[in-house]
Amino acid sequence: MSQLHREMGSSIRTAPREALLVEILILININRPLRNRQAPPGRVVRGCGSDQQRGKMGLTYGYDIYLRPRNVARVLANLAELAPPSRGVPPLELTLPGGERLVLPFTSHFKSEPVDCSTSGTLGLDTSLMFDVDVALREYAETGGPEPEADGRIQIGYVYLTIRFQSFLHPHYASMEFWAATSGMSRMFARSVRVREAFTGLTAASGGVCCLFDTGDGGPEQVCWLNGETTQEMISGPRFPDRRALVSTWPDPDQ
């Protein structure tokens with residue numbers, strides 16, 4: 001009998017029904033690569049009710065933020081503050097599950113038509129974000145990326161975002177999966193202190209419980225933010241031998 005089935009059997013004997021259903025969903029998903037649960041290879045789909053597919057070839061590094069579903073509107077409002085001050089596209093009108101409405105300076109499927117996610121499980125957005133310049137960002141700009149602005153920030157885009165209103169790691173938490181559009185951007189994401197600070201800061205300001213740096217290839221993720229503190233722990237390391245150990249540290253999502 002596998003470890004997964006032994007764990008499930010133990011849960012069935014001891015857990016209340018609602019907790020049992022959550023536990024089973026976590027156990028099913030916990031050992032799968034986070035970013036390989038996408039659309040079929042070569043297919044790119046965005047918008048509500050569909051997944052974004054990471055590039056078929058090349059590096060696809062990114063940051064994943066986990067938060068209570070009620071904080072999704074808050075994190076999107078904070079994310080909008082990182083958008084460039086002027087963009088040549090109309091604002092995007094968005095309706096979230098529960099009916100809350102937002103207007104965002106991004107696109108979905110590179111379009112600006114209103115998007116209704118009130119009955120959907122996922123949302124895909126195409127974002128451009130402003131980051132304070134550091135060595136990694138400056139070197140990225142020197143190899144064909146955008147030049148720094150007068151205020152010392154640099155515009156990076158597209159940064160693709162997939163929102164899951166029920167995350168793979170815990171169905172009572174939502175996830176915000178930001179991923180780089182190119183291999184060069186991925187390498188910059190891995191090296192840039194300012195990019196990491198932007199995503200951990202977004203996690204903190206939005207009531208997030210966890211932020212991961214994810215290489216998108218099924219390898220161990222790095223925990224960058226956890227329960228109010230910055231950290232640099234690897235999943236599969238001594239503190240978090242697996243994703244289940246990480247999720248067990250998250251607070252009750254109803255609190």
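Reading the values: the criteria
- Residues numbered from 1 in each chain as written.
- Predicted model: local features only at pLDDT ≥ 70, side-chain atom pairs only at ≥ 80, totals over all residues.
- Heavy atoms only, no water.
- Buried < 20%, exposed > 50% of the residue type's maximum accessible area, 1.4 Å probe, protein only.
- Helix = DSSP H or I, 4+ residues; strand = E, 2+ residues; numbered from the N terminus.
- Arc of directions from axis to C-beta.
- Contact = heavy atoms within 4.5 Å.
- Pairing = 2+ DSSP bridges.
- Axes fitted to C-alpha atoms, helices over the stretch in contact; angles between N-to-C directions.
- Core = buried A, V, L, I, M, F, W, Y, C linked by side-chain atoms within 4.5 Å.
- Salt bridge = Lys/Arg side-chain N within 4 Å of Asp/Glu carboxyl O.

(A) Structural context of helix H5 (residues 183-191). Those residues of H5 that sit buried are Met185, Ser186, Met188 and Phe189. Along the long axis of H5, the arc covered by the buried residues comes to 165 degrees, so they all point the same way. Among the structural elements, strand S1 (62-67), helix H4 (135-142), strand S6 (153-164), strand S7 (174-180), helix H6 (193-205) and strand S8 (210-214) are those in contact with the buried residues of H5.

(B) Molecular detail of the sheet that holds strand S9 (residues 222-226). Spatial strand order, S5-S6-S7-S1-S8-S9-S10: seven strands in an open sheet with antiparallel pairing. Taken across any chain shown, the strands that pair with only one partner, and hence form the sheet edges, are strand S5 (122-132) and strand S10 (229-234). Between one strand and the next, the sheet's axes are offset by a mean angle of 25 degrees, whatever the strand orientation. Two elements, S1 and S8, share five bridges in a ladder whose sense is antiparallel. Across the sheet, the residue bridging to Asp64 is Leu212, located in S8.

(C) View of the nonpolar core. Counting 48 residues, the largest nonpolar core has Leu76 and Phe189 as its most contacted members. Other than its neighbours up to four places away in sequence, Phe189 contacts Tyr61, Gly62, Tyr63, Val159, Ala180, Val195, Phe199 and Phe213. Residues Cys210, Leu226, Leu246 and Val247 belong to the second largest nonpolar core, which totals 13 residues.

(D) Broad picture of the pattern of salt bridges. Counted under the stated rule, the structure contains five salt bridges. Between Arg191 and Glu139 there is a salt bridge, and its shortest N-O distance comes to 3.0 Å. Taken together, the positions of Arg191 in helix H5 and Glu139 in helix H4 put the pair 52 residues apart, joining distant regions of the chain. Overall, the relative accessible area of 47% leaves Arg191 in the partly exposed class. Arg153 is paired through a salt bridge with Asp151; the nearest N and O atoms lie 3.0 Å apart.

(E) Structural context of the sheet that holds strand S4 (residues 115-116). As summarised here, the arrangement of the three strands in space is S3-S2-S4, forming an open sheet in which the pairing is mixed. Looking along the sheet, the strands with just one partner apiece sit at the ends: strand S3 (101-104) and S4. In this structure, strand S2 (residues 92-95) lies alongside S4, joined through two bridges in parallel fashion. The residue bridging Leu94 from the neighbouring strand is Val115, located in S4.

(F) The pairing of S1, seen in detail. In terms of burial, S1 is largely enclosed, as six of its six residues are buried. Side chains Gly62, Asp64 and Tyr66 of S1 all project onto a buried face; the interleaved residues Tyr63, Ile65 and Leu67 project onto the opposite face, where all are buried too. Inspection of the sheet shows S1 paired to S7 by six bridges, in the antiparallel sense. Within S7, the residue paired with Tyr63 across the bridge is Phe178.

(G) How the structure looks around unusual backbone geometry. Here Gly157 and Tyr158 are connected by a cis peptide whose omega angle stands at 5 degrees. Positive phi, close to 60 degrees, is recorded for His109, a residue that is not glycine. Despite not being glycine, Ser236 has its phi angle at roughly 95 degrees, a positive value. Judged by its relative accessible area of 52%, Ser236 is exposed.

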